[in-house]
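# Summary of the model geometry
The residues making up each chain are set out below.
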Amino acid sequence: PAPEVAVPGDTATEAYPESATGGASDDVIRAADAVIAAGEYAHETVIGKVTVYWSNDDQYLYLAAEAETAGWLGIGLDPENRMQGANYIIAAERNGAPAVYDAYGQGAVGATHPEDTEIGGSDDLVASAVSVQGGVVRLEAQIPLDSGDQYDKVLQPGETYPIIVATGTFLQFSAPHDFRALGEMTLD
């Protein structure tokens, strides 16, 4: 197998910052380390070739995904019209190494999901990491349920949201997708 390449976000080697109110899976030590441990997340769904994992408390969504792909891996939360309006978390290349992006779906189709910071929003990843190993891309991210950013969706505990998953032909952020599918997630 190929050696693992893990490129964490700013706080990726630390445990996820705790919310003030505690929350889901307090008995499991979680870290944004791009390693998805058994029992680390309260929920799991398989959408085609992408497996999505998540837990939440009343402040944060802890999200992970993995897929066999040679390209990028993305999850869009609560799209309005195909890809449009979704809050994207995308594992793709940045400066020659894998990274996690906070992006927004501006159009229904095409490469229309720029980083939030490119369109006047903010990067609201509290913690993130990505790994590429043996043809599998894994990402982990912690995001606020309500970041205050106009390019992020406000997520409510107890609600069900559509999600879109996709993989790219290459690891570059601008590479076209070779797979996409729709699923859903329900927050605790």
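Each residue is numbered by its place in its chain's sequence as written, counting from 1. Two thresholds apply to this predicted model, a pLDDT of at least 70 for residue-level local features and 80 or more for giving and counting side-chain atom pairs, whereas whole-chain, interface and lining totals are computed over all residues. Side-chain numbers here rest on the full set of heavy atoms in the structure, without hydrogens or water.

## A closer look at the overall build of the protein
Think of it this way: any DSSP run of H or I at least four residues long counts as a helix, any run of E at least two long counts as a strand, and we number them from the N terminus. Per the secondary structure count, the protein includes 0 helices and 11 strands. Long-range contacts, defined here as pairs at least 24 residues apart, represent 56% of the contacts in the protein between residues at least 6 apart. Here, Shrake-Rupley sampling with a 1.4 Å probe gives the accessible areas, and only protein chains in the shown set may cover a residue. With the model as given, the accessible surface of the protein reaches about 8400 Å², and the carbon-plus-sulfur share is 49%. Contacts were defined at the residue level, with two residues in contact if any of their heavy atoms lie within 4.5 Å.

## A short note on the packing of aromatic side chains
Ring pairs (aromatic) are described by centroid distance and by the angle formed between their planes. Ring pairs are drawn from Phe, Tyr and Trp, using the six-membered ring of Trp, whenever the two centres fall within 6.5 Å, and their geometry is named by plane angle: stacked under 30 degrees, edge-to-face over 60, tilted for the rest. Inspection of the entire model under this criterion finds 2 aromatic pairs. Ring centres 6.2 Å apart and planes at 40° place the aromatic pair tyrosine 41 and tyrosine 53 in the tilted group. Within this pair, whereas tyrosine 41 is found in the loop between β1 (5-8) and β2 (43-47), its partner tyrosine 53 is found in strand β3 (residues 50-56), the two being separated by 12 residues in sequence. Consider the rings of tyrosine 60 and tyrosine 62, whose centres lie 6.3 Å apart with planes at 55°: the pair is tilted. Like tyrosine 62, tyrosine 60 is buried. Burial status follows relative accessibility: with a 1.4 Å probe on protein chains alone, a residue under 20% of its type maximum counts as buried, one over 50% as exposed, and anything between as partly exposed.

## A few points about unusual backbone geometry
Apart from glycine, the bulk of residues carry a negative phi angle, and the bulk of peptide bonds sit in the trans form. Unusually for a residue other than glycine, alanine 34 sits at a positive phi of about 65°. Take alanine 34: it is sitting in the loop between β1 and β2. Residues other than glycine seldom take positive phi values, yet asparagine 95 does so here, at roughly 50°. Relative to the helices and strands, asparagine 95 is located in the loop between β6 (87-94) and β7 (97-104). Asparagine 95 gets classed as exposed once you look at its relative accessible area, which sits at 80%.

## Digging into the side chain of aspartate 102
Within the element layout of this structure, aspartate 102 appears in strand β7. The term polar contact refers here to a pair of N or O atoms within 3.5 Å; inside protein, the definition further demands a hydrogen-donor-capable atom paired with an acceptor-capable atom, and it admits residues adjacent in sequence only when both atoms are side-chain atoms. For aspartate 102, the side chain forms a polar contact with the main-chain nitrogen of aspartate 124, separated by 2.9 Å.

## Quick word on the side chain of threonine 51
In this fold, threonine 51 is placed in strand β3. On the accessibility criterion, threonine 51 (14% relative accessible area) is buried. Non-local contacts of threonine 51, meaning those with residues more than four positions away in its chain, are made with Glu44, Thr45, Val46, Ala64, Ala65 and Glu66.

## Some points on the confidence of the model for the protein
Scored from 0 to 100, pLDDT records how confident the predictor is in each individual residue. For the protein, per-residue confidence averages 81 on the pLDDT scale, and residues scoring 70 or more make up 77% of the total. Note that residues 1-29 has pLDDT below 50 and, in this model, 65 contacts with residues that lie over four places away or in other chains.

## As for the pattern of salt bridges
The working definition used for a salt bridge is a side-chain nitrogen of Lys or Arg within 4 Å of a carboxyl oxygen of Asp or Glu. Within the structure shown, the criterion is met by 3 salt bridges. Where aspartate 78 meets lysine 153, a salt bridge forms, and the shortest distance between an N and an O atom there is 3.5 Å. Linking aspartate 78 in the loop between β5 (73-77) and β6 with lysine 153 in the loop between β9 (136-144) and β10 (160-168), this pair joins segments that are 75 residues apart in sequence. By relative accessible area, which is 16% here, lysine 153 ends up buried. For the salt bridge of lysine 153 with glutamate 80, the shortest nitrogen-to-oxygen distance reads 3.1 Å. You can see lysine 153 sitting in the loop between β9 and β10 and its partner glutamate 80 sitting in the loop between β5 and β6, a full 73 residues away along the chain. Residue classification places glutamate 80 among the exposed positions, given a relative accessible area of 58%. Within the structure, one salt-bridge network assembled from shared partners comprises Asp78, Glu80 and Lys153.

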